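Here's the letter readout for the chains.
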Amino acid sequence: MKSIILSILLAASSLFAADGVFYVDKPVVAHLIAQNGATVTNNLIAGSTTMVGTTTLMELCPSEKTKIYLSGGPTIEADAGSVLSINAFDQEVKNLANSPCLATFGNHNISLGLTKGNFSVTYKAQDENSTCAISTPLALYQMNVGKFLFQISNAKSLVYVLDGMMTVRGDKNRVDASKKGSK
């Protein structure tokens, strides 16, 4: 139940903040899914920066090993054939009024969905008010600073904590804190 409430809060927070952007280092097929269910398929080219809107969900389907850099948030390396989605991404940019210059990021709220495949996630939160949550078919993970490996399918959600810590919210209201070296 708590995972559902957290997902709803993250999605609702997108109504009050700026959109986020991400960068891919390899070509990726992206499905933009609107709230009414309408789907548009785009091909993102390597080196492209893409904005995630507040009214659409973006599903990414890399055909080769790809790194996805979310501005001010996690870096995700997804294996070929993986499926992940950016459900909500709100990013504060502190220097919007300045002349063209390197962006200075503030807090962010990120909700990701990992549907299938293998992922390496490195999360370096730069702001203490930032949040990052990753949902899988079986559990919800509230990320803290660290590096994590995910192996996801419909039957399993395995996460290896290489560095840092996360909070795991599973079925039956079970909440676990997983630290470095645990799975």
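For clarity, every value in this text was computed on a predicted model and none was experimentally measured. (Residues numbered from 1 in each chain as written. Predicted model: local features only at pLDDT ≥ 70, side-chain atom pairs only at ≥ 80, totals over all residues. Heavy atoms only, no water.)

Looking now at the overall build of the protein chain. For the protein chain, the count of helices and strands is one helix and 13 strands. Secondary structure elements of the protein chain, listed N to C terminal, follow the sequence α-β-β-β-β-β-β-β-β-β-β-β-β-β. For the protein chain, the residues scored as buried account for 38% of the 183 residues in total. Summarising the internal contacts of the protein chain: among those between residues at least 6 apart in sequence, 47% fall at separations of at least 24. In the form shown here, the protein chain has an accessible surface area of approximately 9,700 Å², with 55% of it arising from carbon and sulfur atoms. (Helix = DSSP H or I, 4+ residues; strand = E, 2+ residues; numbered from the N terminus. Buried < 20%, exposed > 50% of the residue type's maximum accessible area, 1.4 Å probe, protein only. Contact = heavy atoms within 4.5 Å. Areas by Shrake-Rupley, 256 points an atom, 1.4 Å probe, with all protein chains shown as cover.)

Once that is clear, we can look at the nonpolar core. Core analysis: the biggest nonpolar cluster contains 33 residues, and Phe22, Leu60, Met143 and Phe150 have the highest contact counts within it. Among the elements that make up this core, the one with the highest residue count is strand S9 (residues 105-123) (six residues). Residues within four places of methionine 143 in sequence aside, it is in contact with Val121, Tyr123, Cys132, Ile134, Phe148, Phe150, Met165 and Met166. (Core = buried A, V, L, I, M, F, W, Y, C linked by side-chain atoms within 4.5 Å.)

With respect to the helices and strands, serine 130 occurs in the loop between S9 and strand S10 (131-135). Classification of serine 130 by relative accessible area gives buried; the value is 12%. A distance of 3.0 Å separates a polar side-chain atom of serine 130 from the backbone nitrogen of histidine 108. Here serine 130 is in contact with Gly106, Asn107, His108 and Tyr123, once residues within four sequence places are set aside. (Polar contact = N/O pair within 3.5 Å; in protein donor to acceptor, adjacent residues only side chain to side chain.)

Looking at the element boundaries, tyrosine 23 is found in strand S1 (residues 20-24). Residue classification places tyrosine 23 among the partly exposed residues on the basis of a relative accessible area of 33%. In this structure the C-alpha to C-alpha distance between tyrosine 23 and threonine 49, which are 26 residues apart in sequence, comes to 4.4 Å.

Attention shifts here to the pattern of salt bridges. Summed over the entire model, instances satisfying the criterion amount to one salt bridge. In this structure, the salt-bridge partner of lysine 65 is aspartate 79, at a minimum N-O distance of 3.8 Å. Of this pair, lysine 65 sits in the loop between strand S5 (56-62) and strand S6 (66-70) while aspartate 79 sits in the loop between strand S7 (75-78) and strand S8 (83-93), and the two are 14 residues apart along the sequence. (Salt bridge = Lys/Arg side-chain N within 4 Å of Asp/Glu carboxyl O.)

Now for the pairing of strand S4 (residues 49-52). Covered by surrounding structure in S4 are Thr50 and Val52 only, the residues Thr49 and Met51 on the alternate face being uncovered. Here four bridges tie S1 to S4, and the two strands are oriented antiparallel to one another. Residue pairing for S4: glycine 20 is matched across the bridge by valine 52. (Pairing = 2+ DSSP bridges.)

A separate point is the confidence of the model for the protein chain. Overall, the predicted model of the protein chain reaches an average pLDDT of 83, with 82% of residues at or above 70. Summarising per-element confidence for the protein chain, the mean pLDDT is lowest in helix H1 (residues 2-13) (43) and highest in S7 (96). (pLDDT = per-residue confidence, 0-100.)

This part covers the packing of aromatic side chains. The final tally for this structure, using the stated rule, is two aromatic pairs. Judged by centre distance (5.5 Å) and plane angle (50°), the ring pair of tyrosine 23 and tyrosine 69 falls under tilted. In this pair, tyrosine 23 sits in strand S1 while tyrosine 69 sits in strand S6, placing the two residues 46 residues apart along the sequence. Aromatic pair tyrosine 141 and phenylalanine 150: ring centres 5.5 Å apart, planes at 85°, arrangement edge-to-face. Across this residue pair, the class does not change: tyrosine 141 and phenylalanine 150 are buried. (Phe/Tyr/Trp six-rings, centres within 6.5 Å; stacked < 30°, edge-to-face > 60°.)

A few words on the environment of threonine 49. If you trace the backbone, threonine 49 turns up in strand S4. Classification of threonine 49 by relative accessible area gives exposed; the value is 56%. C-alpha separation for the pair threonine 49 and phenylalanine 22, spaced 27 residues apart in sequence, amounts to 5.5 Å. Setting aside residues no more than four positions away along its own chain, threonine 49 makes contact with Val21, Phe22 and Tyr23.

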